[in-house]
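So the chains spell out like this:
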Amino acid sequence: MEFKKKLKGLTPYLFIMPWIIGFFVFTIGPLILSLVMSFFDWSLAGTPVFRGFGNYKEMFTKDAQFWKSLLISIKYAAIFVPLNICIALFLAMLITQNVRGVKFFRTLFYIPTVISGVAVSIIWGWILNGDYGVLNYLLSLLGIKGPRWLVDPAWALFAVILASAFGVGSMMLIFYTDIKGIPTDLYEAAALDGAGKVGSFFSITLPLISPTILFNLITSIIGSFQQVTLVMLLTGGGPLKSTYFYGLYTYNNAFKHHKLGYASANAWVMFIIILLLTAVVFRSSSAWVFYQSETTEKKKGKGGKR
(Lines give C-alpha, C1' and ligand atoms only; values in the text may rest on other atoms or scores of the structure.)
Protein backbone atom coordinates (compact mmCIF):
# COMPACT_ATOMS: atom_id res chain seq x y z
CA MET A 1 0.00 0.00 0.00
CA GLU A 2 2.80 2.41 0.88
CA PHE A 3 4.51 1.65 -2.43
CA LYS A 4 1.27 2.40 -4.33
CA LYS A 5 0.90 5.69 -2.45
CA LYS A 6 4.48 6.68 -3.32
CA LEU A 7 3.88 5.69 -6.93
CA LYS A 8 0.74 7.85 -7.08
CA GLY A 9 2.75 10.71 -5.63
CA LEU A 10 5.34 10.35 -8.39
CA THR A 11 2.76 10.18 -11.20
CA PRO A 12 2.52 13.98 -11.78
CA TYR A 13 6.31 14.19 -12.01
CA LEU A 14 6.39 11.42 -14.60
CA PHE A 15 4.02 13.43 -16.78
CA ILE A 16 6.17 16.56 -16.62
CA MET A 17 9.46 14.64 -16.87
CA PRO A 18 9.74 15.03 -20.69
CA TRP A 19 9.53 18.82 -20.29
CA ILE A 20 12.06 18.81 -17.42
CA ILE A 21 14.51 16.71 -19.44
CA GLY A 22 14.03 18.94 -22.49
CA PHE A 23 14.50 22.08 -20.38
CA PHE A 24 17.84 20.89 -18.98
CA VAL A 25 19.10 19.36 -22.24
CA PHE A 26 17.97 22.05 -24.69
CA THR A 27 17.87 25.21 -22.52
CA ILE A 28 19.99 25.12 -19.36
CA GLY A 29 22.70 22.92 -20.93
CA PRO A 30 23.33 25.13 -24.00
CA LEU A 31 23.10 28.23 -21.80
CA ILE A 32 25.90 27.02 -19.50
CA LEU A 33 27.95 25.79 -22.47
CA SER A 34 27.67 29.17 -24.22
CA LEU A 35 28.88 30.91 -21.04
CA VAL A 36 31.91 28.59 -20.93
CA MET A 37 32.56 29.09 -24.66
CA SER A 38 32.55 32.89 -24.24
CA PHE A 39 35.86 32.62 -22.37
CA PHE A 40 37.54 30.64 -25.17
CA ASP A 41 38.76 31.19 -28.69
CA TRP A 42 36.42 28.47 -29.92
CA SER A 43 36.17 27.77 -33.63
CA LEU A 44 34.33 25.02 -35.50
CA ALA A 45 37.63 23.26 -36.18
CA GLY A 46 40.64 23.07 -33.93
CA THR A 47 41.23 23.02 -30.19
CA PRO A 48 39.60 25.70 -28.03
CA VAL A 49 42.08 28.14 -26.49
CA PHE A 50 41.30 29.84 -23.19
CA ARG A 51 41.16 33.65 -23.49
CA GLY A 52 39.59 34.67 -20.19
CA PHE A 53 37.83 37.98 -20.75
CA GLY A 54 39.65 38.46 -24.06
CA ASN A 55 36.51 38.12 -26.17
CA TYR A 56 34.70 40.72 -24.07
CA LYS A 57 37.69 43.08 -24.12
CA GLU A 58 37.98 42.80 -27.91
CA MET A 59 34.26 43.41 -28.29
CA PHE A 60 34.22 46.62 -26.26
CA THR A 61 37.57 48.10 -27.32
CA LYS A 62 38.46 46.86 -30.83
CA ASP A 63 35.27 45.82 -32.62
CA ALA A 64 33.60 48.94 -34.03
CA GLN A 65 30.83 46.83 -35.58
CA PHE A 66 29.70 45.77 -32.12
CA TRP A 67 28.76 49.34 -31.20
CA LYS A 68 27.21 50.05 -34.62
CA SER A 69 25.04 46.92 -34.52
CA LEU A 70 24.02 47.60 -30.93
CA LEU A 71 23.00 51.17 -31.83
CA ILE A 72 20.96 49.93 -34.81
CA SER A 73 19.13 47.40 -32.59
CA ILE A 74 18.43 50.11 -30.00
CA LYS A 75 16.99 52.40 -32.71
CA TYR A 76 14.88 49.53 -34.01
CA ALA A 77 13.59 48.66 -30.52
CA ALA A 78 12.87 52.32 -29.68
CA ILE A 79 10.55 52.62 -32.69
CA PHE A 80 9.24 49.07 -33.04
CA VAL A 81 8.24 48.36 -29.43
CA PRO A 82 5.82 51.30 -28.91
CA LEU A 83 4.54 51.00 -32.49
CA ASN A 84 3.90 47.27 -32.05
CA ILE A 85 2.01 47.79 -28.79
CA CYS A 86 -0.08 50.67 -30.19
CA ILE A 87 -1.07 48.72 -33.32
CA ALA A 88 -1.95 45.60 -31.30
CA LEU A 89 -3.99 47.62 -28.81
CA PHE A 90 -5.79 49.49 -31.61
CA LEU A 91 -6.71 46.24 -33.37
CA ALA A 92 -7.79 44.69 -30.07
CA MET A 93 -10.13 47.61 -29.45
CA LEU A 94 -11.54 47.21 -32.97
CA ILE A 95 -12.36 43.53 -32.59
CA THR A 96 -14.07 44.09 -29.24
CA GLN A 97 -16.75 46.16 -30.97
CA ASN A 98 -20.10 44.44 -31.33
CA VAL A 99 -20.46 44.87 -35.09
CA ARG A 100 -21.33 42.53 -37.92
CA GLY A 101 -18.42 40.49 -39.30
CA VAL A 102 -16.13 41.11 -36.33
CA LYS A 103 -15.19 37.40 -36.14
CA PHE A 104 -13.94 37.55 -39.72
CA PHE A 105 -11.68 40.53 -38.95
CA ARG A 106 -10.50 38.87 -35.73
CA THR A 107 -9.29 35.91 -37.80
CA LEU A 108 -7.91 38.15 -40.54
CA PHE A 109 -5.78 40.18 -38.13
CA TYR A 110 -4.43 37.01 -36.48
CA ILE A 111 -3.50 35.11 -39.68
CA PRO A 112 -0.11 36.89 -40.19
CA THR A 113 1.05 35.48 -36.84
CA VAL A 114 0.90 31.87 -38.07
CA ILE A 115 2.84 32.63 -41.26
CA SER A 116 6.51 31.63 -41.13
CA GLY A 117 9.24 34.26 -41.09
CA VAL A 118 10.42 33.17 -44.54
CA ALA A 119 6.95 33.65 -46.01
CA VAL A 120 6.59 37.04 -44.32
CA SER A 121 9.91 38.18 -45.77
CA ILE A 122 8.86 37.08 -49.27
CA ILE A 123 5.53 38.92 -48.96
CA TRP A 124 7.13 42.12 -47.71
CA GLY A 125 9.99 41.87 -50.20
CA TRP A 126 7.31 42.01 -52.88
CA ILE A 127 5.35 44.81 -51.19
CA LEU A 128 8.42 46.98 -50.54
CA ASN A 129 10.19 46.45 -53.87
CA GLY A 130 11.23 49.86 -55.19
CA ASP A 131 10.50 49.03 -58.84
CA TYR A 132 7.28 47.01 -58.85
CA GLY A 133 6.22 46.91 -55.19
CA VAL A 134 2.58 47.20 -54.16
CA LEU A 135 3.25 49.99 -51.65
CA ASN A 136 4.98 52.23 -54.17
CA TYR A 137 2.21 51.56 -56.67
CA LEU A 138 -0.41 52.69 -54.15
CA LEU A 139 1.65 55.79 -53.39
CA SER A 140 1.91 56.56 -57.12
CA LEU A 141 -1.89 56.63 -57.30
CA LEU A 142 -1.72 59.53 -54.84
CA GLY A 143 0.97 61.26 -56.89
CA ILE A 144 3.76 60.30 -54.46
CA LYS A 145 6.99 58.76 -55.65
CA GLY A 146 7.86 56.02 -53.20
CA PRO A 147 11.43 55.44 -52.02
CA ARG A 148 13.52 52.37 -52.74
CA TRP A 149 12.66 50.90 -49.38
CA LEU A 150 15.06 47.98 -49.09
CA VAL A 151 18.07 49.40 -50.96
CA ASP A 152 18.12 52.93 -49.56
CA PRO A 153 20.05 53.25 -46.25
CA ALA A 154 17.73 56.09 -45.20
CA TRP A 155 14.61 53.91 -45.49
CA ALA A 156 15.78 50.32 -44.97
CA LEU A 157 15.45 50.32 -41.16
CA PHE A 158 11.95 51.78 -41.34
CA ALA A 159 11.04 49.14 -43.97
CA VAL A 160 12.12 46.36 -41.59
CA ILE A 161 10.11 47.94 -38.76
CA LEU A 162 7.07 48.09 -41.04
CA ALA A 163 7.43 44.42 -41.97
CA SER A 164 7.99 43.41 -38.34
CA ALA A 165 4.76 45.10 -37.25
CA PHE A 166 2.88 42.74 -39.58
CA GLY A 167 2.78 39.97 -36.97
CA VAL A 168 0.97 41.62 -34.06
CA GLY A 169 -1.79 38.99 -33.96
CA SER A 170 -0.68 37.24 -30.77
CA MET A 171 -0.28 40.49 -28.86
CA MET A 172 -3.63 41.64 -30.21
CA LEU A 173 -5.37 38.52 -28.86
CA ILE A 174 -3.72 38.99 -25.45
CA PHE A 175 -5.04 42.55 -25.29
CA TYR A 176 -8.43 41.40 -26.61
CA THR A 177 -8.79 38.75 -23.90
CA ASP A 178 -7.94 41.25 -21.17
CA ILE A 179 -10.25 43.94 -22.52
CA LYS A 180 -13.16 41.49 -22.77
CA GLY A 181 -12.62 40.63 -19.11
CA ILE A 182 -13.28 44.18 -17.93
CA PRO A 183 -16.72 44.36 -16.20
CA THR A 184 -19.27 46.25 -18.31
CA ASP A 185 -20.74 47.93 -15.23
CA LEU A 186 -17.58 50.06 -14.98
CA TYR A 187 -18.24 51.50 -18.43
CA GLU A 188 -21.92 51.98 -17.58
CA ALA A 189 -21.00 53.87 -14.42
CA ALA A 190 -18.54 56.03 -16.38
CA ALA A 191 -21.23 56.78 -18.98
CA LEU A 192 -23.62 57.89 -16.22
CA ASP A 193 -20.91 60.24 -14.96
CA GLY A 194 -20.71 61.78 -18.44
CA ALA A 195 -17.54 60.08 -19.68
CA GLY A 196 -17.37 59.42 -23.41
CA LYS A 197 -15.63 56.54 -25.18
CA VAL A 198 -12.28 58.31 -25.20
CA GLY A 199 -12.55 59.18 -21.52
CA SER A 200 -13.57 55.62 -20.63
CA PHE A 201 -10.61 54.26 -22.57
CA PHE A 202 -8.07 56.36 -20.66
CA SER A 203 -9.75 56.16 -17.24
CA ILE A 204 -10.92 52.51 -17.27
CA THR A 205 -9.48 50.42 -20.10
CA LEU A 206 -5.84 51.51 -19.96
CA PRO A 207 -5.45 51.27 -16.16
CA LEU A 208 -7.11 47.84 -16.02
CA ILE A 209 -5.03 46.36 -18.85
CA SER A 210 -1.76 47.95 -17.65
CA PRO A 211 -0.43 44.57 -16.34
CA THR A 212 -0.97 43.17 -19.84
CA ILE A 213 0.78 46.20 -21.33
CA LEU A 214 3.71 45.46 -19.01
CA PHE A 215 3.84 41.84 -20.19
CA ASN A 216 3.65 42.82 -23.88
CA LEU A 217 6.24 45.56 -23.38
CA ILE A 218 8.77 43.12 -21.94
CA THR A 219 8.17 40.45 -24.60
CA SER A 220 8.43 43.10 -27.34
CA ILE A 221 11.76 44.35 -25.98
CA ILE A 222 13.14 40.81 -25.88
CA GLY A 223 11.86 40.04 -29.38
CA SER A 224 13.21 43.27 -30.87
CA PHE A 225 16.77 42.56 -29.72
CA GLN A 226 16.55 38.99 -31.00
CA GLN A 227 15.29 39.91 -34.48
CA VAL A 228 17.30 37.94 -37.06
CA THR A 229 15.16 36.04 -39.57
CA LEU A 230 13.28 38.94 -41.13
CA VAL A 231 16.25 41.27 -41.52
CA MET A 232 18.47 38.46 -42.81
CA LEU A 233 16.01 37.57 -45.59
CA LEU A 234 14.83 41.10 -46.42
CA THR A 235 18.07 43.08 -46.45
CA GLY A 236 20.87 40.75 -45.33
CA GLY A 237 22.03 43.54 -43.02
CA GLY A 238 22.35 46.06 -45.85
CA PRO A 239 22.37 48.40 -47.56
CA LEU A 240 25.73 49.62 -46.25
CA LYS A 241 25.01 47.69 -43.02
CA SER A 242 22.19 50.11 -42.14
CA THR A 243 20.11 47.14 -40.90
CA TYR A 244 22.96 45.05 -39.53
CA PHE A 245 21.15 44.19 -36.31
CA TYR A 246 22.93 42.91 -33.22
CA GLY A 247 21.26 39.51 -33.58
CA LEU A 248 22.51 39.22 -37.18
CA TYR A 249 25.97 40.37 -36.07
CA THR A 250 26.05 37.59 -33.47
CA TYR A 251 24.74 35.02 -35.96
CA ASN A 252 27.38 35.92 -38.56
CA ASN A 253 30.18 35.75 -35.99
CA ALA A 254 29.09 32.23 -35.09
CA PHE A 255 28.15 30.65 -38.42
CA LYS A 256 29.81 32.82 -41.06
CA HIS A 257 33.11 33.69 -39.39
CA HIS A 258 33.14 30.48 -37.28
CA LYS A 259 34.01 32.40 -34.09
CA LEU A 260 31.76 30.48 -31.71
CA GLY A 261 33.47 31.75 -28.56
CA TYR A 262 33.25 35.36 -29.66
CA ALA A 263 29.61 34.93 -30.73
CA SER A 264 28.82 33.41 -27.32
CA ALA A 265 30.27 36.52 -25.68
CA ASN A 266 28.09 38.63 -28.01
CA ALA A 267 25.04 36.64 -26.95
CA TRP A 268 25.77 37.05 -23.24
CA VAL A 269 26.18 40.80 -23.63
CA MET A 270 22.79 40.84 -25.35
CA PHE A 271 21.36 38.82 -22.46
CA ILE A 272 22.71 41.31 -19.92
CA ILE A 273 21.36 44.29 -21.90
CA ILE A 274 17.90 42.70 -22.13
CA LEU A 275 18.05 41.83 -18.43
CA LEU A 276 18.89 45.43 -17.49
CA LEU A 277 16.15 46.87 -19.71
CA THR A 278 13.64 44.42 -18.24
CA ALA A 279 14.73 45.37 -14.72
CA VAL A 280 14.24 49.08 -15.54
CA VAL A 281 10.74 48.39 -16.91
CA PHE A 282 9.82 46.35 -13.82
CA ARG A 283 11.26 49.05 -11.58
CA SER A 284 9.15 51.73 -13.26
CA SER A 285 6.00 49.58 -13.35
CA SER A 286 4.98 50.57 -9.82
CA ALA A 287 4.28 54.08 -11.14
CA TRP A 288 2.01 53.09 -14.04
CA VAL A 289 0.79 49.50 -13.62
CA PHE A 290 -2.55 49.15 -11.85
CA TYR A 291 -3.41 45.89 -10.09
CA GLN A 292 -7.09 45.63 -9.19
CA SER A 293 -6.43 43.01 -6.51
CA GLU A 294 -4.06 45.37 -4.67
CA THR A 295 -6.70 48.10 -4.66
CA THR A 296 -9.27 45.68 -3.23
CA GLU A 297 -6.85 44.64 -0.47
CA LYS A 298 -6.16 48.27 0.40
CA LYS A 299 -9.88 48.99 0.66
CA LYS A 300 -10.35 45.96 2.90
CA GLY A 301 -7.45 47.10 5.05
CA LYS A 302 -8.95 50.57 5.47
CA GLY A 303 -12.31 49.03 6.30
CA GLY A 304 -10.70 46.85 8.96
CA LYS A 305 -8.99 49.82 10.63
CA ARG A 306 -12.30 51.58 11.04
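Reading the values: the criteria
- Residues numbered from 1 in each chain as written.
- Predicted model: local features only at pLDDT ≥ 70, side-chain atom pairs only at ≥ 80, totals over all residues.
- Heavy atoms only, no water.
- Helix = DSSP H or I, 4+ residues; strand = E, 2+ residues; numbered from the N terminus.
- Rg over C-alpha atoms; globule rule 2.2 N^0.38 Å.
- Buried < 20%, exposed > 50% of the residue type's maximum accessible area, 1.4 Å probe, protein only.
- Contact = heavy atoms within 4.5 Å.
- Phe/Tyr/Trp six-rings, centres within 6.5 Å; stacked < 30°, edge-to-face > 60°.
- Lys NZ or Arg CZ within 6 Å of the ring centre and 35° of its normal.
- Axes fitted to C-alpha atoms, helices over the stretch in contact; angles between N-to-C directions.
- Parallel < 35°, antiparallel > 145°, perpendicular 65-115°, else oblique.
- Left-handed = near helix turned anticlockwise from the far one by under 90°.
- Nonpolar A, V, L, I, M, F, W, Y, C, P; charged D, E, K, R; others polar.
- Polar contact = N/O pair within 3.5 Å; in protein donor to acceptor, adjacent residues only side chain to side chain.
- Salt bridge = Lys/Arg side-chain N within 4 Å of Asp/Glu carboxyl O.

Points about the overall build of the protein chain
Moving on, step 1. Counting its secondary structure elements, the protein chain contains 15 helices and 2 strands.
Moving on, step 2. For the protein chain, whose C-alpha radius of gyration is 25 Å, the value lies well above the compact-globule estimate of 19 Å for 306 residues.
Moving on, step 3. Along the longest, intermediate and shortest principal axes, the C-alpha atoms of the protein chain span 80 × 70 × 40 Å.
Moving on, step 4. Scored against the burial criterion, the 306 residues of the protein chain give a buried share of 37%.
Moving on, step 5. Of the contacts made within the protein chain by residues no fewer than 6 positions apart, 67% connect residues no fewer than 24 positions apart.

Here's the deal with the packing of aromatic side chains
Moving on, step 1. Within this structure, the stated rule accounts for 24 aromatic pairs.
Moving on, step 2. A ring pair is formed by F23 and F24, whose centres lie 5.7 Å apart and whose planes are at 80°; its orientation type is edge-to-face.
Moving on, step 3. Among the aromatic residues, those joined into a cluster by ring pairs are F60, F66, W67, Y244, Y246 and Y249.
Moving on, step 4. The cationic tip of K241 hangs over the ring face of Y244; the distance from NZ or CZ to the ring centre is 5.0 Å.
Moving on, step 5. Across from the ring centre of Y262, 4.5 Å away, lies the NZ or CZ of K259, which sits over that ring.

A look at the packing of helix α2 (residues 54-61) against helix α14 (residues 260-288)
Moving on, step 1. Running from N to C, α2 and α14 point in directions that differ by 70°, and their axes come no closer than 9 Å. In terms of orientation, α2 and α14 fall into the roughly perpendicular class. Here the hand of the crossing between α2 and α14 comes out right-handed. Across from N55, Y56, E58, M59 and F60 in α2, the residues of α14 making contact are G261, Y262, A265, N266, W268 and V269.
Moving on, step 2. Among the residues forming the contact of α2 with α14, the class breakdown is 7 nonpolar, 3 polar and 1 charged.

Topic: the side chain of N55
Moving on, step 1. As for its position among the elements, N55 is in helix α2.
Moving on, step 2. Among the polar contacts made by the side chain of N55, one reaches the main-chain carbonyl oxygen of F40 at a distance of 2.9 Å.
Moving on, step 3. Sequence-distant contacts of N55, that is, excluding residues within four places in its chain, are made with M37, S38, F39, F40, G261, Y262 and A265.

Some thoughts on the environment of R106
Moving on, step 1. Residue placement: R106 occurs in helix α4 (residues 102-114).
Moving on, step 2. Overall, the relative accessible area of 22% leaves R106 in the partly exposed class.
Moving on, step 3. The spatial distance from the C-alpha of R106 to the C-alpha of A92 is 8.6 Å, given a sequence separation of 14 residues.
Moving on, step 4. Excluding residues within four positions of it along the chain, R106 makes contact with I95, M172, L173 and Y176.

Notes on the pattern of salt bridges
Moving on, step 1. A complete count under the given rule lists 2 salt bridges for this structure.
Moving on, step 2. For E58, the salt bridge is made with R51, and the minimal N-O distance between the two is 3.1 Å.
Moving on, step 3. On the basis of relative accessibility, which here comes to 24%, the residue E58 falls in the partly exposed class.
Moving on, step 4. Look at R51 and you get partly exposed, because its relative accessible area is 33%.
Moving on, step 5. Between R148 and D131 there is a salt bridge, with the nearest N and O atoms lying 2.9 Å from each other. One end of the pair, R148, is in the loop between α6 (134-141) and α7 (156-164); the other, D131, is in the loop between α5 (117-127) and α6, and 17 residues separate them in sequence.

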